[in-house]
Amino acid sequence: MKVVDLMHLLEAENLTKEVSLEGEVTCGYSCDLLSWVLAHGKQGMGWATVQSHVNVIAVSVLMEMACVILVEGVEPEDATLAKALEEGMPILSTEKTAYEVCGIMCKAGVAVPGR
Amino acid sequence: MADYIIRDSYPVQTAAYESAGDASARIKRKLKQLGIDSAILRRIAVASYEAELNLIIHSHGGELIMEMTPKSIVLISKDVGPGIADISQALKEGYSTASEEARDLGFGAGMGLPNMKRNADSFDITSEVGVGTTIQMGFQIA
Ligand SMILES: Nc1ncnc2c1ncn2[C@@H]1O[C@H](COP(=O)(O)OP(=O)(O)OP(=O)(O)O)[C@@H](O)[C@H]1O
Ligand SMILES: [Mg+2]
């Protein structure tokens, strides 16, 4: 599915209005340890995290992810938003927990990376 | 020494969390312009990001050096201390001495050095306590 479809499914808010949501979400993941994500991240990933620091964008761009999903209403820092806009990385925001987000993605058939 | 055709150095400051990843992003951009294959580029980018973050989190400052030869890209991370007492322990997945501050930002999984090793075709680390750490990683491009 596209990032925009995932946004509707999660009832999430798009925090990066200027960025295209047409990218394809090919797998889903949740983890808050950045090096762990660098070991397991994949292209096209929808990544749910509570990390709001600018390094989240560095990691998601490195992995060529589809979008970052900030869970439990976590707000990105200004630098994070600015970097996301600059790099064209969509940030979705939701009140749901990472657990719920992953449940929804799994149910919708979003793949587990590497499987 | 090496018969490189390009050699760039990028200084990295201690605790520069706000600009973390900038040096790696510059290296990635440059290599992309040079037409490096995207799968190799991704491995280089992960390794350089991990090396850069270790300089920021654990070192007293240092530099990332990118050398290009006709057959390979060589990434070197060099710092001025504090050095690593037990390298084999540092290389273990899950081992980390990252500060509370770094952990709050999502660092400290103890996966950085293993990630570098996994992504590079060759990996060499030397360290002396009180002097510094040097990591050299090679990536075949031809
Ligand atoms: N440049 C360095 N100078 C001094 N010590 C280092 C350096 N790089 C790594 N270390 C030591 O090796 C340990 C393991 O490094 P590694 O990159 O694998 O994990 P980490 O940086 O602690 O966490 P992560 O990389 O997963 O965020 C560090 O916690 C630190 O004790
Ligand atoms: Mg590290």
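Predicted, not measured: the structure shown is a model, and the values here were computed from it. (Residues numbered from 1 in each chain as written. Chains lettered and ligands numbered in written order. Predicted model: local features only at pLDDT ≥ 70, side-chain atom pairs only at ≥ 80, totals over all residues. Heavy atoms only, no water.)

### Quick notes on the interface of chain B and chain A
Interface size is commonly expressed as the accessible area that is lost once the parts come together. With 20 residues of chain B at the contact, the number on the chain A side is 23 residues. Between chain B and chain A, roughly 1700 Å² of surface is buried when both sides are summed, and carbon and sulfur atoms account for 53% of that area. Broken down residue by residue, the surface that chain B buries against chain A is led by R42, Y49 and L105 of chain B, which jointly contribute 32%. At the boundary of chain B with chain A, the tally comes to one salt bridge. Along the contact surface separating chain B from chain A lie six residue pairs in polar contact (both at pLDDT 80 or more). (Contact = heavy atoms within 4.5 Å. Buried area = accessible area lost by both parts, 1.4 Å probe. Salt bridge = Lys/Arg side-chain N within 4 Å of Asp/Glu carboxyl O. Polar contact = N/O pair within 3.5 Å; in protein donor to acceptor, adjacent residues only side chain to side chain.)

### A short note on the pairing of strand β4 (residues 122-128) of chain B
All names here are of chain B. Strand direction decides the pairing type here: β4 and strand β5 (residues 132-140), joined by seven bridges, are antiparallel. In the strand pairing of β5, S122 is matched with G138. Where β4 hands over to β5, the hairpin turn is made up of three residues, of which G130 adopts a positive phi near 85 degrees. (Pairing = 2+ DSSP bridges. Helix = DSSP H or I, 4+ residues; strand = E, 2+ residues; numbered from the N terminus.)

### Details of the pattern of salt bridges
In this structure the tally under the stated criterion is seven salt bridges over all chains. Among the salt bridges present, the one from K2 of chain A reaches E22 of chain A, with a minimum N-O distance of 3.0 Å. Taken as a pair, K2 of chain A in the segment before α1 (3-10) and E22 of chain A in the loop between β1 (13-14) and β2 (27-30) lie far apart in primary sequence, 20 residues in all. With a shortest N-O distance of 3.5 Å, R118 of chain B and E93 of chain B are connected by a salt bridge. Highlighted residues: R118 of chain B in helix α5 (residues 112-119) and E93 of chain B in the loop between α3 (87-90) and α4 (100-104), separated in sequence by 25 residues. Using a relative accessible area of 47% as the deciding quantity, one classes R118 of chain B as partly exposed. (Buried < 20%, exposed > 50% of the residue type's maximum accessible area, 1.4 Å probe, protein only.)

### Some details on the confidence of the model for chain B
When pLDDT is averaged across chain B, the result is 96; 99% of the residues are at 70 or more. At the level of chain-chain contacts, confidence expressed as ipTM amounts to 0.91, with global pTM at 0.95. (pLDDT = per-residue confidence, 0-100.)

### A word on the state of the cysteines
By definition, a disulfide is the covalent link that joins the sulfur atoms of two cysteine residues. Residues and elements named next belong to chain A. In total, this model carries zero disulfides over all chains according to the counting rule given. You can see C27 has no disulfide; the closest cysteine sulfur is in C67, sitting 10 Å from it. Judged by its relative accessible area of 5%, C27 falls in the buried class. (Disulfide = S-S within 2.5 Å.)

### Section: the environment of V61 of chain A
Counting through the fold element by element, V61 of chain A comes out in helix α3 (residues 55-62). Note: C-alpha distance between V61 of chain A and T49 of chain A (twelve residues apart in sequence) is 15 Å. Setting aside its immediate chain neighbours within four residues, V61 of chain A contacts E87 and M89 of chain A together with K28 of chain B.

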